[in-house]
Amino acid sequence: EFGKERVQQLILDNTKYFISQLNEIGITPVLNNLPDENLSGIVTFKHPKAEKLFVDLEAAKIFAAMRGGMIRFSPHFYNSHNEIDRVIDFLKEWK
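Keep in mind that what you see is a predicted model, and the values were worked out from it rather than measured.

Draft legend 1. The side chain of Asp-56, seen in detail. Relative to the helices and strands, Asp-56 resides in helix H2 (residues 50–59). Classification of Asp-56 by relative accessible area gives buried; the value is 19%. Engagement of the side chain of Asp-56 in a polar contact is seen with the side chain of Trp-94, the distance being 2.6 Å. Setting aside anything within four residues of it in sequence, one finds Asp-56 in contact with Phe-90 and Trp-94.

Draft legend 2. View of helix H1 (residues 4–24). Given a rise of 1.5 Å per residue, 21 residues ought to cover 30 Å, and the 30 Å separating the end C-alpha atoms of H1 matches this to within 8%. Among all positions in H1, only Val-7, Leu-10, Ile-11, Leu-12, Asn-14, Thr-15, Tyr-17, Phe-18, Ile-19, Gln-21 and Leu-22 are buried. Where H1 is buried, its residues meet strand S1 (43–45), strand S3 (70–73) and helix H3 (81–93). Of the residues flanking the end of H1, it is Gly-26, one or two places downstream, whose phi is positive at about 85°.

Draft legend 3. The arrangement of the sheet that holds S3 in detail. Taken in spatial order, the 3 strands make up an open sheet running S1-S3-S2, and their pairing is antiparallel. Looking at which strands have only one partner, the edges of the open sheet turn out to be S1 and strand S2 (65–67). Direction aside, neighbouring strands of the sheet carry axes that sit 30° apart on average. Across 3 bridges, the pairing between S1 and S3 is antiparallel. Note that in S3 the partner of Thr-44 across the bridge is Arg-72. Those strands touched by H2 are S1, S2 and S3, and its axis lies near 35° from that of S3.

Conventions used here
- Residues numbered from 1 in each chain as written.
- Predicted model: local features only at pLDDT ≥ 70, side-chain atom pairs only at ≥ 80, totals over all residues.
- Heavy atoms only, no water.
- Helix = DSSP H or I, 4+ residues; strand = E, 2+ residues; numbered from the N terminus.
- Buried < 20%, exposed > 50% of the residue type's maximum accessible area, 1.4 Å probe, protein only.
- Polar contact = N/O pair within 3.5 Å; in protein donor to acceptor, adjacent residues only side chain to side chain.
- Contact = heavy atoms within 4.5 Å.
- Expected span 1.5 Å × (residues − 1).
- Pairing = 2+ DSSP bridges.
- Axes fitted to C-alpha atoms, helices over the stretch in contact; angles between N-to-C directions.

Set out below in C-alpha cells:
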C-alpha cells in the first residue's frame, strides 16, 4: 500500500541511496550530509563538464536536468536502486 508517508519514505530512501553512491565514486552532491528532515527528492551535483555530461546522459536515456550549470536528478518512489545504480555505473565510466 502506498500512502503519503510511505511515498515520502521511499523518496527519501532513494535520495539517501543516490547521495551515498555518488559519494562512493567521488562526486559530492550539493546538499551532502543533510539531516533527513532537510532532504527532498532532488540530488544535484557540480561537474566541470556538466553540459557535455548532460547531453551524454540524455543520449543514454538517463533522465536528468541542467539547473544553474549543475546536473540534477529527481529520484522518486517508483525508482529502484537498480535504476540509480545504472546512473552511477554510467558516471563511473563517463569520460
